[in-house]
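Residues per chain, in single letters:
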Amino acid sequence: MSESGTERIAIETALWLEALLFGGTAEELVKMSLTGRVQLISSRVQLDKLIQVLRERLDFSEAALDQVRRFVEDQVEIVELGEAPAAGIPENLPPILRAARIGSAHAIATTDRSNLLSLETFEGIPIVSMA
Amino acid sequence: MPQEIKIVSVSIPAGLVRELDRVCDLEHRNRSELYREALRQYLKLRRWQALREYSSAKAAAAGGNGVDIEKLIEELSL
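Conventions used here
- Residues numbered from 1 in each chain as written.
- Chains lettered and ligands numbered in written order.
- Predicted model: local features only at pLDDT ≥ 70, side-chain atom pairs only at ≥ 80, totals over all residues.
- Heavy atoms only, no water.
- Helix = DSSP H or I, 4+ residues; strand = E, 2+ residues; numbered from the N terminus.
- Expected span 1.5 Å × (residues − 1).
- Phe/Tyr/Trp six-rings, centres within 6.5 Å; stacked < 30°, edge-to-face > 60°.
- Contact = heavy atoms within 4.5 Å.
- Buried area = accessible area lost by both parts, 1.4 Å probe.
- Salt bridge = Lys/Arg side-chain N within 4 Å of Asp/Glu carboxyl O.
- Polar contact = N/O pair within 3.5 Å; in protein donor to acceptor, adjacent residues only side chain to side chain.
- Pairing = 2+ DSSP bridges.
- Axes fitted to C-alpha atoms, helices over the stretch in contact; angles between N-to-C directions.
- Core = buried A, V, L, I, M, F, W, Y, C linked by side-chain atoms within 4.5 Å.
- Buried < 20%, exposed > 50% of the residue type's maximum accessible area, 1.4 Å probe, protein only.

1. Digging into helix α1 (residues 14-27) of chain B
Alright, step 1. The first and last C-alpha atoms of α1(B) sit 20 Å apart over 14 residues, in line with the 20 Å expected at 1.5 Å per residue.
Alright, step 2. Once α1(B) ends, the next one or two residues include B:His28, with phi positive near 55°.

Given below as structure tokens:
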């Protein structure tokens, strides 16, 4: 935990989808961010992917997509993955891992289907299932 | 640019005010700060709930149209 007492958690794109569509534990994580108990971390490329899936696969209206984008941008610290090479982070790493490193995450939250879970940690950052 | 501040008058039960004042003391904050934060959290929660309702309806409709939502989440999971 950070000195301020707020956990910084890098959130996987699939977890946002799970929270929006089904609620459950993934939604609890989002609600914890509403009360400031955790600070969620993501990247522009992850947010764009979420919006793309909602638009193309789930037929969200443009107005609803705008609401989702604004909500996520208000609630999440969006890190710039362009800083990765300068920070010595390989560019071929998945966006969530780069976001976790650049955003100094304390944990990486994924769905229970994620292959990342088998890693258990990434550079000392625990990878946990939140769904 | 500094935000415009409006002063509003609201009615709050005395017991609730006492409880909030105790929190103010504990957290070393004034009433206005605490009430502003409570309102912001409430509004965020409302926004989230509206998104959840819309998204659940879209998921149900997509499921009815043969979209495999579980597979979609799996695709997005690394």
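2. Re the packing of aromatic side chains
Alright, step 1. One pass over the full model with this rule turns up three aromatic pairs over all chains.
Alright, step 2. Put simply, the rings of A:Trp16, A:Phe71 and B:Trp48 pair up and form one aromatic cluster.

3. So, the interface of chain A and chain B
Alright, step 1. If you look at the interface, chain A gives 37 residues, while chain B gives 23 residues.
Alright, step 2. Buried surface at the junction of chain A and chain B, both sides included, amounts to about 2,800 Å², of which 65% is carbon and sulfur.
Alright, step 3. When the area that chain A buries against chain B is broken down by residue, the three leading residues are A:Leu34, A:Arg57 and A:Arg113, summing to 21%.
Alright, step 4. Applying the counting rule to chain A against chain B returns five salt bridges.
Alright, step 5. Measuring nitrogen to oxygen at the nearest pair gives 2.9 Å for the salt bridge that ties A:Asp74 to B:Arg47.
Alright, step 6. Here chain A and chain B share nine residue pairs in polar contact (both at pLDDT 80 or more) between them.
Alright, step 7. Elements supplying a minimum of two residues to the side of chain A that touches chain B: α1 (13-22), α2 (24-34), α3 (44-56) and α4 (62-75) of chain A.

4. Some words on the sheet that holds strand β3 (residues 76-79) of chain A
Residue and element names in this part refer to chain A.
Alright, step 1. Taken in spatial order, the six strands line up as β3-β2-β1-β4-β6-β5 in an open sheet, and their pairing is mixed. Either end of the sheet is taken by a strand with one partner, and the two such strands are β3 and β5 (121-122).
Alright, step 2. Sheet topology places strand β4 (residues 107-110) next to strand β6 (residues 125-129); three bridges connect them, and they run parallel. Note on β6: the bridge partner recorded for threonine 110 is serine 129.
Alright, step 3. This element, α2, spans β1 (7-11), β2 (38-43) and β4 of the sheet and lies at about 110° to β2.
Alright, step 4. Of the strands in this sheet, β2 and β3 touch α4, which is tilted by about 90° from β3.

5. Points about the nonpolar core
Alright, step 1. Core analysis: the biggest nonpolar cluster contains 40 residues, and A:Trp16, A:Leu17, A:Leu29, A:Leu54, A:Leu58 and A:Val68 have the highest contact counts within it.
Alright, step 2. A total of seven residues in this core trace back to one element, the largest contributor, which is α1(A).
Alright, step 3. With near-sequence residues (within four places) excluded, A:Leu17 lies in contact with A:Leu50, A:Val53, A:Leu54, A:Leu58, B:Leu72, B:Ile73 and B:Leu76.
Alright, step 4. One finds A:Ala10, A:Ile41, A:Ala100 and A:Phe122 within the second-largest nonpolar core, a separate group that totals 17 residues.

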